[in-house]
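Per-entry structural report
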Amino acid sequence: MPRLIKQRELAHEDYLLLRDARSLTDIPDAVRAIVPLALWTERRSALIARGEIGVWLAPADDPAVLAVDLAHLPVIAIDFPQFTDGRGYSHARLLRERYRYVGELRAIGDVGRDQLYYLAQCGFDAFLIPDGRDAEAALASFNDFSDGYQATTVRTPWFRRRQSAVANAIDTQFPCG
Amino acid sequence: MYRYDAFDHRLVQERVAQFRDQTRRFLRGDLSEDEFRPLRLQNGLYIQRHAPMFRISIPYGLLSTRQLRKLADIARRYDRGYGHFSTRQNLQLNWPRLEDVPDILAELADVEMHGIQTSGNDVRNITSDHFAGVARDESVDPRPYCELIRQWAALNPEFAYLPRKFKIAVTGATSDRTAVLLHDVGLTLVRNDAGEIGFRVTAGGGMGRTPIIGHVIREFLPRAEILNYLDAILRTYNRFGRRDNKWKARIKILVKERTPARFARDVDDEWAHLRGGAATVPDDEFERLARYFTAPAYESLEDDDVAYKAAIADNRAFGNWVKRNVHPHKIPGYAIVTLSLKRTGVPPGDATSEQMEAIADLADAYSFGEVGVSHEQNLVLRDVRQRDLFDVWSRLRPLGLATPNIGLLTDIVCCPGGDFCSLANAKSIPIAEAIQRRFDDLDYLHDIGEIDLNMSGCMNACGQHHIGHIGVLGVDKNGSEWYQVSIGGSQGNDASLGKVIGPSFAAHDMPDVVARLIDTYIDHRHADERFIDTVRRIGVDPFKERVYATAD
């Protein structure tokens, strides 16, 4: 069973990922579900009326098409068919920073612990860890790095924080060799 | 030069810990080869023909003597006592053990070095002018800007899984020494009419299978916007660069397919959203970084030191060396010295641990404790007093580091080739050596004058053969090694790509082929005309005719 990580903790599956749903009848009654972008685009009004529906995006999809729908989407999933296909990192940042999406952003597909830190920096807050990977052990990797230089969705660049940080940290624990 | 503070140290140490854990999981079988490969590449570790190859980043080609001694020490203890300086200002070790790499990285971290993003589909080492900060023709010192961009690139969460590798060069001189137009992004520091500093930005240049000269996509980018603009370029590339075909995945193909004008507009559209945002660089950050690169304590000296001039007149060997290996310095009485790593019989760019340590001693004694690395695979003492040049030369000679051939035919730029690299189609080092042996007459070499000979063992063009005045590319024909020759390539402000002269040659023909090209040049040259100038004036045909007429 794939395991879900949310807010840096193991969580229960709350949305059924329907990778191949093509019509409304493919969505079981009374479940929360994540549907393909094509179905969302085709049956948008009906799906909004139904509620508790999220959308998943493939790497080639343009997140801009969801810009007007964000308020209706409790979750957007971004698929990584291979973890080496990094388009989803940029799409996550666009959703968070340009389109101001505040719902859940879930990484699905070939997601492993070695990607979690960067994914979280780009705005993902949920991760569906596939079968065969140790989701519990993966939690530690959120702490692979304590900080970074760049602006991300969760921090400003270090050069904007340096002065106050240095002033507040007289007893730095690392030597300035 | 730049020094790590507590923050920089912490990040690099965290990276070492992360990679140690990844290596452990791989060796234990928890990570598959496919899962581990991109992770090790992002830390500079290849699996090569004989052993892993490990690439250490030398940001913008600047080393302290402490760092150089550590590299020598690592090469001795973890490798076979030598390292290879590459065309991207990195150092490669050819024989480390995979299990040892986390320990090597930990030792490197102690001297403020790492292997972060020296391979993989990410933003690679930022390269720059090996004369940065000391060149006479420099309008803006690129080093603080390189450091800013290094930090932006290092462990950048959004751009770790690009379609392909991404190379950035930065220069601030009138005369380009970085091959800036042959980079995915080339940044030339310029001042506008108001005296403000900014960048002329080129994109889509590169070598490899499809060599292309970069296109200007912005004439003047205010320096405060550099990171926003780089984010815009990289995001555009990350989203739209081709991922279906490895050979079409570099940004140059995206720029070409969209056209440079449209690509520039796409970047501008993205930049419009980022402009003035969080990554806008305040002036005080530029000033803070510039303070790491203030001038050392130069003495007040006159140019043309008397004893130095006398030594040139008295000693022909010294005079030859000065002519080729000593370059003008911006401070009177000082000189820039290139140490040739192109002695015949030694693979181009290789240096032993003993040489590295001796160079570190010399740099401490004569050059403020810093050493530069050039993309032509030589080392540089950046700040030598003219009056010390004779002593420096005398000490370099027994080390085999005073070959007076900088910019000459035997100063061959060459990748490790089929002797080491698993990507190579053909060997390159023995061909370079055969050519060096053929042209062993120093007077003749000096008479031939300035010429860039570049050699790559495969299409990936690590030896930058496209921009060699003479370029040699190793190709595979039915399982045997052949060499394709091009002429007319050039780096610099008027960069051009070489043209292939015809069918390829067997290895043993190569010294003759080069000799015939040189003979053609000698016959046709005007006074003071370099090889490349003659090629540009008379075209490829006379060279081609001469080479193939007698080759049968």
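Scoring rules and cut-offs
- Residues numbered from 1 in each chain as written.
- Chains lettered and ligands numbered in written order.
- Predicted model: local features only at pLDDT ≥ 70, side-chain atom pairs only at ≥ 80, totals over all residues.
- Helix = DSSP H or I, 4+ residues; strand = E, 2+ residues; numbered from the N terminus.
- Buried ≥ 20, exposed ≤ 12 C-beta atoms within 10 Å, placed from the backbone.
- Contact = placed C-beta atoms within 7 Å.
- Right-handed = clockwise from strand over helix to strand, strands pointing away.
- Core = buried A, V, L, I, M, F, W, Y, C linked by C-beta atoms within 7 Å.
- Nonpolar A, V, L, I, M, F, W, Y, C, P; charged D, E, K, R; others polar.
- Pairing = 2+ DSSP bridges.
- Axes fitted to C-alpha atoms, helices over the stretch in contact; angles between N-to-C directions.
- pLDDT = per-residue confidence, 0-100.
- Domains from an automatic or database assignment.
- Parallel < 35°, antiparallel > 145°, perpendicular 65-115°, else oblique.
- Left-handed = near helix turned anticlockwise from the far one by under 90°.

On to the overall build of chain A, then. A tally of helices and strands in chain A yields 6 helices and 8 strands. Starting at the N terminus and ending at the C terminus, chain A contains elements arranged as β-β-β-β-α-α-β-β-α-β-α-β-α-α. The dimensions of chain A, computed from C-alpha atoms along their principal axes, are 65 × 35 × 25 Å. Out of the 177 residues belonging to chain A, those deemed buried represent 40%. Restricting to contacts in chain A with at least 6 residues of sequence separation, those with at least 24 account for 48%.

Residues and elements named next belong to chain A. Taking burial as the measure, the 6 residues of strand 7 (residues 104-109) include 5 buried ones, the bulk of the element. In this fold, the crossover linking strand 6 (residues 75-80) to strand 7 by way of helix 3 (residues 87-98) has right-handed handedness. One crossover worth recording links strand 7 to the parallel strand 8 (residues 126-129) by way of helix 4 (residues 113-121), and it is right-handed.

Grouped together as the largest cluster of nonpolar side chains are 209 residues, with contacts concentrated most on Ile76 and Phe127 of chain A together with Ile359 of chain B. Contact partners of phenylalanine 127 of chain A, with chain neighbours within four places excluded, come to Ile5, Arg106, Ala107, Val111, Leu116 and Leu119 of chain A.

Contacts between chain B and chain A engage 33 residues on the former and 30 residues on the latter. Within the residue set of the side of chain B that touches chain A, elements represented by two or more residues are helix 1 (6-28), helix 2 (33-41), helix 5 (143-153) and helix 6 (226-240) of chain B. Among the elements that line the side of chain B that touches chain A, the one with the most residues is helix 1 of chain B, at 8 residues. Of the residues belonging to the side of chain B that touches chain A, the class tally is 16 nonpolar, 7 polar and 10 charged.

In this structure, arginine 8 of chain A is a non-glycine residue whose phi angle is positive, near 65 degrees. For glutamate 112 of chain B, which is not glycine, the phi dihedral falls at a positive 65 degrees. Within the secondary structure, glutamate 112 of chain B sits in the loop between helix 4 (101-110) and strand 6 (127-128).

Another point: the sheet that holds strand 5 (residues 91-93) of chain B. Consider a sheet: its strands pair through backbone hydrogen bonds, and that pairing is either parallel or antiparallel. All names here are of chain B. Pairing is antiparallel in the open sheet, where 5 strands are placed in the order 1-2-5-4-13. The open sheet has two edge strands, strand 1 (45-47) and strand 13 (350-352), and neither has a second partner. Strand-to-strand twist across the sheet, computed as the mean angle between neighbouring axes with direction ignored, equals 30 degrees. The pairing of strand 1 with strand 2 (residues 52-56) spans 3 bridges and is antiparallel. Note on strand 2: the bridge partner recorded for tyrosine 46 is methionine 53. Strand contacts of helix 3 (residues 65-78): strand 2, strand 4 (82-85) and strand 5, with the helix running at about 125 degrees to strand 4, the strand carrying the most contacts. Seen against the sheet, helix 12 (residues 353-366) touches strand 4 and strand 13 and runs at an angle of roughly 80 degrees to strand 13.

All names here are of chain B. What the 5 strands build is an open sheet, ordered 3-14-15-12-11; its pairing is antiparallel. The sheet terminates laterally at strand 3 (62-64) and strand 11 (326-328), the two strands that pair on one side only. This sheet shows a mean twist of 35 degrees between the axes of neighbouring strands, independent of strand direction. Pairing of strand 11 with strand 12 (residues 334-339), which is carried by 3 bridges, proceeds in the antiparallel orientation. In the strand pairing of strand 12, histidine 327 is matched with isoleucine 336. Packed onto the sheet, helix 3 meets strand 3 and strand 14 (370-373) and runs at close to 85 degrees relative to strand 3.

The pLDDT averaged across chain A works out to 94; a share of 95% of its residues lies at or above 70. Overall, residues 170-177 of chain A carries pLDDT values under 50, and its contacts beyond four positions in sequence, including any with other chains, amount to 9 contacts.

Further remarks concern the domain arrangement of chain B. Residue and element names in this part refer to chain B. With domains assigned, chain B is organised as domain 1 (6-110), domain 2 (134-290), domain 3 (306-399) and domain 4 (413-551). Each of domain 1 and domain 4 was reduced to a C-alpha centroid, and the two centroids are 33 Å apart. Counting from both sides, the interface comprises 7 residues of domain 1 and, opposite them, 8 residues of domain 4. Each residue belonging to the side of domain 1 that touches domain 4 can be placed in one class, and the counts come to 1 nonpolar, 5 polar and 1 charged.

Quick look at the pairing of strand 17 (residues 453-456) of chain B now. All names here are of chain B. Alternating positions in strand 17 separate into two faces, Leu453 and Met455 on one and Asn454 and Ser456 on the other, with burial throughout. Across 2 bridges, strand 16 (residues 413-414) lies against strand 17 in parallel orientation. Looking across to strand 17, one finds that cysteine 414 is bridged to methionine 455. Relative to strand 18 (residues 470-477), strand 17 runs parallel, the two sharing 4 bridges. Looking at strand 18, one finds that methionine 455 is bridged to valine 472.

Right, let's get into the packing of helix 3 of chain B against helix 4 of chain B. Residue and element names in this part refer to chain B. Relative to each other, helix 3 and helix 4 sit at 165 degrees, their axes nearing to 10 Å. When the interaxial angle is binned, helix 3 and helix 4 end up roughly antiparallel. Two packed elements cross with a definite hand, and for helix 3 against helix 4 that hand is right-handed. Between helix 3 and helix 4, the contacting residues are Lys70, Ile74 and Tyr78 on the first element and Ile104, Glu107 and Leu108 on the second. Residue classes in the contact of helix 3 with helix 4 are distributed as 4 nonpolar, no polar and 2 charged.

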